[in-house]
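What follows is the residue order along each chain.
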Amino acid sequence: MSADAIPSTILVEREPPILTVTLNRPEVLNAMSPVLLDELEAALHDAEADAETRVVLITGAPRGPGRPNFSAGADIKASGGPSASPAGEPLAHTLVAAREIAQGVGPEHQSRFNGVFGYLERMSTPSIAVVDGICTTGGLELILACDLRLVGESAQISDWHTKNLAAIGGAGVTTRLPKLIGAARAKEMLWTGRPIGAEEAVRIGLANAMHASEALLDRARELALEIAAMPAFAIAASKAVVSAASEQETEQGIRYAELWSSLIALQKESSGTPPPPSPLAR
C-alpha cells in the first residue's frame, strides 16, 4: 500500500516475512464494499511486489469484545443493492460475460469480486485465510481463493446466495467449493445454507486445521513462518503446478511439473549461488 493511499476499510500489518490484512468494517460484520475490494487488491499487489513478503494472512476484525468475525460477504447497500439492475434481470456484467463466453472471446468483463479473488488465487505469494466467527457467502468465496484456511473454534461458514438472495454465487463458490470438498457436500452447503462449524470444516477438507480462538492468529503466524522458511521460487512453482493439477490429465500435470523443475534448475545454475537463507535461519 503506497504511503499516500491510507486504507480505510482494511488494516495492513507488514512484519516481514508476513503481511497481515484485516478486513476492518466490524460495524457491518466486515461486509465487503467496493472500497474494501479496491484496498484489498492494492494490498495484494503490494505484497506480490515486495520480495520480503513471503506469506499473506487474511483475517477479519472482531465485531465486539470476545466476538470473532470474518466477513458477512458483499455489502449489498454499498454495491448499489438489488436496484442496481431491473427486477428479475441479471447484473449487466453477467450479461456481457455470458455473451463473450458464447462468442469464444472472453470473458473480459467480470465482477469486481472475481477480479480481486482471481488475483489472490493466482499470485505467487501464498495466502492463508484466518477464519473465526461468521464467514458467509462472499466471505466464503474469499477464503476459497486463499491457498490454506485455518479456523477458530467459533467459526460458522456458510453460503446464503440461494437461501437469502434466490441466486447463486458468481465469485467462485460454485466452482472452487466442489473442487475442495466434493460435489455432494458442496451442493448440501449451497442448497441448505446450513453453517459449517470448525470441526466439520476440518473433517470435510474445507479447512486445514482448527485452533482455539484466542490462539488462532498466533498459530497462523507459526504456519506462515514455516512456509516462509522455504525457497520462495520453489513455493511459487509448487503453487502453480498444484493449482493447475485439477484442470489437467495426470500425464499433462507431470510434464508441467517437469517444466517448472527445469526452470528452477536453470535459475540455480545461472545464479551460481544457493537460495538466500530463510527468515527462520537468521
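Residues numbered from 1 in each chain as written. Predicted model: local features only at pLDDT ≥ 70, side-chain atom pairs only at ≥ 80, totals over all residues. Heavy atoms only, no water.

### A look at the packing of helix 1 (residues 34-49) against helix 3 (residues 112-122)
Relative to each other, helix 1 and helix 3 sit at 20°, their axes nearing to 10 Å. Judged by the inter-axis angle, helix 1 sits roughly parallel to helix 3. Note that helix 1 runs across helix 3; the crossing there is left-handed. Listed contacts from helix 3 to L37, D38, L40, E41, L44, H45 and E48 of helix 1 are R112, F113, V116, F117, Y119 and L120. Among the residues forming the contact of helix 1 with helix 3, the class breakdown is eight nonpolar, one polar and four charged. (Axes fitted to C-alpha atoms, helices over the stretch in contact; angles between N-to-C directions. Helix = DSSP H or I, 4+ residues; strand = E, 2+ residues; numbered from the N terminus. Parallel < 35°, antiparallel > 145°, perpendicular 65-115°, else oblique. Left-handed = near helix turned anticlockwise from the far one by under 90°. Contact = heavy atoms within 4.5 Å. Nonpolar A, V, L, I, M, F, W, Y, C, P; charged D, E, K, R; others polar.)

### Points about the sheet that holds strand 1 (residues 10-15)
Pairing between sheet strands relies on hydrogen bonds along the backbone, with the strands arranged either parallel or antiparallel. Across the sheet, which stays open at both edges, the six strands sit in the order 1-2-3-5-7-10 with mixed pairing between neighbours. With one partner strand each, in any of the chains shown, strand 1 and strand 10 (209-211) form the two edges of the open sheet. Recorded for the sheet is a direction-independent mean angle of 20° between the axes of neighbouring strands. Pairing of strand 5 (residues 127-131) with strand 7 (residues 148-152) involves four bridges; the strand directions are parallel. Considered in strand 7, the bridge of V130 is made with L150. Against the sheet, helix 1 contacts strand 1, strand 2 (18-23) and strand 3 (55-60), and its axis sits at roughly 10° relative to strand 1. (Pairing = 2+ DSSP bridges.)

### Examining the packing of helix 6 (residues 173-181) against helix 7 (residues 183-192)
Two measures define how a pair of helices packs: the angle their axes make with one another and the distance between the axes. It is at 7 Å that the axes of helix 6 and helix 7 come closest, and there the two elements cross at 135°. It follows that helix 6 is oblique to helix 7 by the angle criterion. Classified by chirality, the crossing of helix 7 by helix 6 is right-handed. Each of V173, T174, L177, P178 and I181 in helix 6 lies in contact with helix 7, whose residues at this interface are A183, R185, A186, M189 and L190. Here the contact of helix 6 with helix 7 is built from residues that sort into eight nonpolar, one polar and one charged.

### Quick word on the nonpolar core
Counting 45 residues, the largest nonpolar core has F117, L142, I157, L177 and L206 as its most contacted members. For this core, the element with the highest residue contribution is helix 1, accounting for six residues. Here L177 is in contact with L144, G172, G182, A186, M189, L190 and L206, once residues within four sequence places are set aside. In terms of nonpolar packing, the next biggest core, distinct from the first, is built from 11 residues, V55, V130, L216 and A228 among them. (Core = buried A, V, L, I, M, F, W, Y, C linked by side-chain atoms within 4.5 Å. Buried < 20%, exposed > 50% of the residue type's maximum accessible area, 1.4 Å probe, protein only.)

### Structural notes on helix 3
Within helix 3, burial applies to F113, G115, V116, F117, G118, Y119 and L120. Considering only its buried residues, helix 3 is in contact with helix 1, strand 3, strand 5, helix 4 (138-144), helix 6 and helix 10 (232-245).

### A word on the packing of aromatic side chains
Following the criterion strictly, the structure yields one aromatic pair and no others. Their ring planes at 70° and their centres at 5.7 Å tell us that F113 and F117 sit as a pair that is edge-to-face. On the criterion of helical spacing, the pair formed by F113 and F117 is a turn pair, its members being four residues apart in helix 3. Assigned by exposure class, F113 and F117 land together as buried. (Phe/Tyr/Trp six-rings, centres within 6.5 Å; stacked < 30°, edge-to-face > 60°.)

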